[in-house]
Amino acid sequence: MLYALICNDKTGHLQLRLDTRTAHLEYLDSLGDRLKFAGPFLGADAKPNGSLVVIEASDLAAAKKLADNDPYAKAGLFSSVDIRPWNWAIKNPDNK
């Protein structure tokens with residue numbers, strides 16, 4: 001099942017995001033095919049202020065474990081993380 005991780009950064013924590021970015025990207029890369037896509041949300045100033053990460057996991061507990069192991073989460077960047085089951089219905093490359 002796919003899960004959307006909807007992550008909101010703590011206000012005023014852009015530098016923490018920048019300092020942790022390399023480790024975050026390495027972690028996402030280490031997920032291999034479990035990672036479907038990811039990218040930052042942008043504020044009105046065009047600076048990142050959150051993340052959308054879509055992963056494949058066996059269940060909600062496994063998705064939460066993947067989310068908790070993200071270096072951004074471990075560094076305390078997020079004010080909230082909403083993990084929701086998600087159905088990739090349109091333009092899913094796996095549905096050819």
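See above for the structure.
This report concerns the structure included in the present document. (Residues numbered from 1 in each chain as written. Predicted model: local features only at pLDDT ≥ 70, side-chain atom pairs only at ≥ 80, totals over all residues. Heavy atoms only, no water.)

### Observations regarding the overall build of the protein
Put simply, the rule reads: Numbering goes from the N terminus for both helices and strands, where a helix is a DSSP run of H or I of at least four residues and a strand is a run of E of at least two. When accessible area is computed with a 1.4 Å probe and restricted to protein chains, residues below 20% of their type maximum are described as buried, those above 50% as exposed, and intermediate ones as partly exposed. Contact between two residues is taken to exist if any of their heavy atoms lie within 4.5 Å; hydrogens are not considered. For accessible areas, the Shrake-Rupley method is used with a probe of radius 1.4 Å. Any residue's cover is judged against the shown protein chains and nothing else.
Counting secondary structure elements, the protein contains three helices and four strands. Mapped in sequence order, the helices and strands of the protein form the string β-α-β-β-α-α-β. For the protein, the spread of C-alpha atoms along the three principal axes comes to 40 × 25 × 20 Å. Counting the 96 residues in the protein, one finds 31% classified as buried. For the protein, long-range pairs separated by at least 24 residues make up 68% of all intrachain contacts whose partners lie at least 6 apart in sequence. Surface accessibility of the protein: about 6,100 Å² in total, with carbon and sulfur atoms responsible for 53%.

### Brief notes about the environment of Trp86
By secondary structure assignment, the location of Trp86 is in strand E4 (residues 78-86). Along the chain, Trp86 and Ala4 lie 82 residues apart, while their C-alpha atoms are 6.0 Å from each other. Excluding residues within four positions of it along the chain, Trp86 makes contact with Leu2, Tyr3, Ala4, Phe37 and Val54.

### Structural notes on empty space enclosed by the protein
Note the cut-off: In this analysis, the protein atoms alone were mapped onto a 1 Å grid. Cavities are point sets where a 1.4 Å probe fits without being able to get out; pockets are open sets with protein on both sides within 12 Å along at least five of seven lines; lining residues have an atom within 4 Å of a point. Grid points are joined across faces, edges and corners, and a volume is the space filled by probe spheres set on the points. Residues are sorted three ways: Asp, Glu, Lys and Arg are charged, Ala, Val, Leu, Ile, Met, Phe, Trp, Tyr, Cys and Pro are nonpolar, and all the rest, Gly among them, are polar.
For the coordinates displayed, the defined rule picks out two cavities of 30 Å³ or more. The space that makes up the largest cavity amounts to roughly 40 Å³. For the lining of the largest cavity, the class distribution of residues is eight nonpolar, no polar and one charged. Taken together, Leu5, Cys7, Val53, Ala67, Asp70, Phe78 and Val81 form the lining of the second largest cavity. Looking at the lining of the second largest cavity, the elements with two or more residues in it are strand E1 (2-9) and E4. Class assignment of the residues belonging to the lining of the second largest cavity gives a composition of six nonpolar, no polar and one charged.

### Observations regarding the pattern of salt bridges
Here is the rule we go by: Each reported salt bridge corresponds to a side-chain nitrogen of Lys or Arg within 4 Å of a carboxyl oxygen of Asp or Glu.
Tallying each qualifying case throughout the model produces four salt bridges. Asp9 is paired through a salt bridge with Arg17; the nearest N and O atoms lie 2.7 Å apart. We classify Asp9 as buried; its relative accessible area is 11%. Taken together, the salt bridges that share partners define one network made up of Lys36, Glu56 and Asp94.

### Describing the side chain of Asn92
To keep things clear, this is the line we draw: Any pair of nitrogen or oxygen atoms within 3.5 Å is treated as a polar contact; in protein, a donor-acceptor pairing is required on top of that, and neighbouring residues in sequence qualify only through side-chain atoms on both sides.
If you trace the backbone, Asn92 turns up in the segment after E4. Within the structure, the side chain of Asn92 is placed 3.3 Å from the backbone oxygen of Trp88, a separation counted as a polar contact.

### A few points about the pairing of strand E3 (residues 48-56)
The two faces of a sheet get side chains in turn, since along a regular strand they alternate between them. The criterion, for reference: Whether two strands pair depends on DSSP finding at least two bridges between them.
Bridging between E1 and E3 involves seven bridges; their strand directions are antiparallel. Bridge pairing in E3 places Leu2 opposite Glu56. Hairpin connection between strand E2 (residues 35-42) and E3: a loop of five residues separates the two successive antiparallel strands, and Ala46 in this loop has a positive phi of roughly 70°.

### Some thoughts on the environment of Met1
As for its position among the elements, Met1 is in the segment before E1. For the pair formed by Met1 and Ser58, sequence separation is 57 residues and the distance between their alpha carbons is 6.1 Å.

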